[in-house]
Amino acid sequence: MSKEPLFTKDFLLHCFSYLLMAVSFYFLLPTLPTFVTDVLGENADKVGYIIGIYALSALIVRPISGYAFDKYGRRNLFLIAMFCYALIMAAYGLATSFIFLLFLRLLNGGFWGFVTTGGGTITSDLVPNSRRGEGIGIFGLSMTLSMAIGPLIGLKILEYTSDYQLLFYTSGILCSIAVILSFFVNHPKISNRKNKLSFENVFEPRVLKVSMIMLMLAFPFAGIMSFITLFAKELSIESTGLFFLIYAIGVSIIRPLTGKMMDKKGPAFVMLLSFIGTISGLILLSQSKDETAFLIAGFVLGLGNGIVMPTLQTMVINMVKPEKRGVATSTFFSSIDLGIGLGAFALGNVAEIFSLSQMYLFCAIAMVIPAILFFSITLSDYKEKSKISLETANV
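In the nomenclature of an unreviewed UniProt entry, the protein chain is known as MFS transporter of Marivirga arenosa. Taken verbatim from the UniProt record of the protein chain, the Subcellular location (unreviewed entry) comment is "Membrane".

Okay, structure coming up:
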């Protein structure tokens, strides 16, 4: 029996469009912290606020975005959200105060919530059921490659021009190209106009336990997003962009493999690998004293974190009917936003009281909690609910 086709024109175009949008996002990952401290003259502890308010803003809009994608369909909402996202990315060039920057981050996070919810939902519609884990893993490489390309290009722009406005405008242009490409994707026509605005249509309780695991795993990612540039400076390392490249290589190596394993054998073994990789990487990062150890930690973290998103997202999609994929995806991504938002605020205080290296060690120790919960509670809940959903879909 031949495999169902995965690499269709629509799937590849959707992935490439999303890649460009994500590159623009990662332009700002290593550069906004220095923009806050060097250009706006704020203290380092303010960096956590620009990450946190972005994630919490996305969290607020996600439940409504999931409901809207399920009720009104994918295409128009996704294109509008992408267009607004592009405008706001370019508007960073107008930021001359920390308060205005926070305002932009608030708006930007909201449209990021729409774009990423729509992107993940559309992906689950485009890929065949039998290759869902593999397809979501390949789609995740769009974010992974952007994580390698974005920081490097962003840092190079500043290295050669020292022009933050050029950085922000370039980011907006890339997003605009992504919008144009998205026009040529044949988005699946899945909608349910009878859906009423209610709790069960903006929040999917069936995926709560999986989402809670994702929330806890987002904490260390918040620590990396918010403070890795400052940690590198503390160690007198100038290769933050290289860290993200090495991290992305680790993710790129592991994701296609684990997607196929997820489809064939389920999530238990691949998530065990994820916990081992993430905890080991955080310990290595916390003990880094030179560039070599710093980059090795990035690679190990890439191997560990590269498994998490596609595996847990596939679990979520497998637990619901097609017409509930939007709200299930929004519930899942809301857990990421909440984890990153809370993590950025909390870990900023931990770093202020102790140190950045001790903060990463704290994250490693804390990862034991979601590991225990996943294997003791979440895994059995997934097996039960994914079976029921499959039986329902086949009726």
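Further notes follow.
## Here we look at helix α3 (residues 47-72)
Between its terminal C-alpha atoms α3 stretches 37 Å, which fits the 38 Å expected from 26 residues at 1.5 Å a residue. At R62, α3 is deflected by roughly 40 degrees, the largest bend along its length, and proline P63 occurs up to four residues later in sequence. G73 occupies a position one or two residues after α3 and carries a positive phi of about 95 degrees.

## Re the side chain of T116
Positionally, T116 belongs in helix α5 (residues 98-126). For T116, a relative accessible area of 3% translates into the label buried. With residues near it in sequence (within four places) discarded, T116 still touches Y18, R62 and F333.

## Quick notes on the layout of surface pockets
Of the voids in this model, the second largest pocket is the one considered here, and its volume is about 410 Å³. Broken down by element, the lining of the second largest pocket gets its largest block of residues, 5 residues, from helix α6 (residues 132-161). Considering only residue class, the lining of the second largest pocket consists of 7 nonpolar, 6 polar and 5 charged.

## Observations concerning empty space enclosed by the protein
One pass over the structure, following the stated rule, counts 3 cavities of 30 Å³ or more. Empty space within the largest cavity amounts to approximately 630 Å³. Around the largest cavity sit 35 residues that line it, and Y26, M143, F221, M309 and I336 are the ones nearest its centre. If you list the elements that add at least two residues to the lining of the largest cavity, you get α1 (9-27), α3, α5, α6, α9 (208-234), α10 (240-265), α12 (291-318) and α13 (325-353). Residue classes in the lining of the largest cavity are distributed as 24 nonpolar, 7 polar and 4 charged. Size it by volume and the second largest cavity reaches roughly 70 Å³. Lining the second largest cavity, in full, are F25, L28, L29, L32, I50, I51, R105 and M225. Residue composition of the lining of the second largest cavity, grouped by class: 7 nonpolar, no polar and 1 charged.

## Regarding unusual backbone geometry
For S162, which is not a glycine, the phi torsion comes out positive at approximately 55 degrees. Residue position: S162 is located in the loop between α6 and α7 (164-182). The phi torsion at S236 lies on the positive side, around 60 degrees, for a residue other than glycine. Along the chain, S236 falls in the loop between α9 and α10.

## What about the pattern of salt bridges?
Counting across every chain of the model gives 9 salt bridges. Between D381 and K209 there is a salt bridge, with the nearest N and O atoms lying 3.9 Å from each other. Here D381, found in helix α15 (residues 368-393), pairs with K209, found in helix α9; they are 172 residues apart in sequence, far enough to count as distant. A relative accessible area of 38% means that K209 is categorised as partly exposed. For the salt bridge of D381 with K385, the shortest nitrogen-to-oxygen distance reads 3.2 Å. You can see D381 and its partner K385 sitting in helix α15, 4 residues apart, about one turn around the helix. Pair check on accessibility: D381 and K385 agree, each one buried.

Parameters at a glance
- Throughout, a residue's number is its position along its own chain's written sequence, starting from 1.
- Note on the predicted model: pLDDT of at least 70 is required for a residue's local features to be given, and 80 or more for side-chain atom pairs to be given and counted; whole-chain, interface and lining totals, by contrast, use all residues.
- Think of the side-chain values as coming from all heavy atoms in the structure, minus any hydrogens and water.
- UniProt positions are given in the numbering used here, feature names are shortened, and annotations may be inferred rather than shown by experiment.
- Elements are defined by DSSP. Helices are runs of H or I of four residues or more, strands are runs of E of two residues or more, and each kind is numbered from the N terminus.
- Each residue after the first adds 1.5 Å to the expected span of a helix.
- Two axes enter the definition of the bend at a residue: one is fitted to the seven residues ending there, the other to the seven starting there, and the bend is the angle between them.
- Working definition: with a 1.4 Å probe on protein chains only, accessible area under 20% of the residue-type maximum means buried, over 50% means exposed, and in between means partly exposed.
- Whether two residues are in contact is decided by their heavy atoms: any pair within 4.5 Å suffices.
- For each structure, a 1 Å grid was placed over the protein atoms alone; sets of points admitting a 1.4 Å probe that cannot get out are labelled cavities, open sets with protein on both sides within 12 Å along at least five of seven lines are labelled pockets, and lining residues have an atom within 4 Å of a point.
- Grid points are joined across faces, edges and corners, and a volume is the space filled by probe spheres set on the points.
- Residues were grouped as follows: Ala, Val, Leu, Ile, Met, Phe, Trp, Tyr, Cys and Pro as nonpolar; Asp, Glu, Lys and Arg as charged; and all remaining residues, including Gly, as polar.
- One speaks of a salt bridge when a side-chain nitrogen belonging to Lys or Arg is within 4 Å of a carboxyl oxygen belonging to Asp or Glu.

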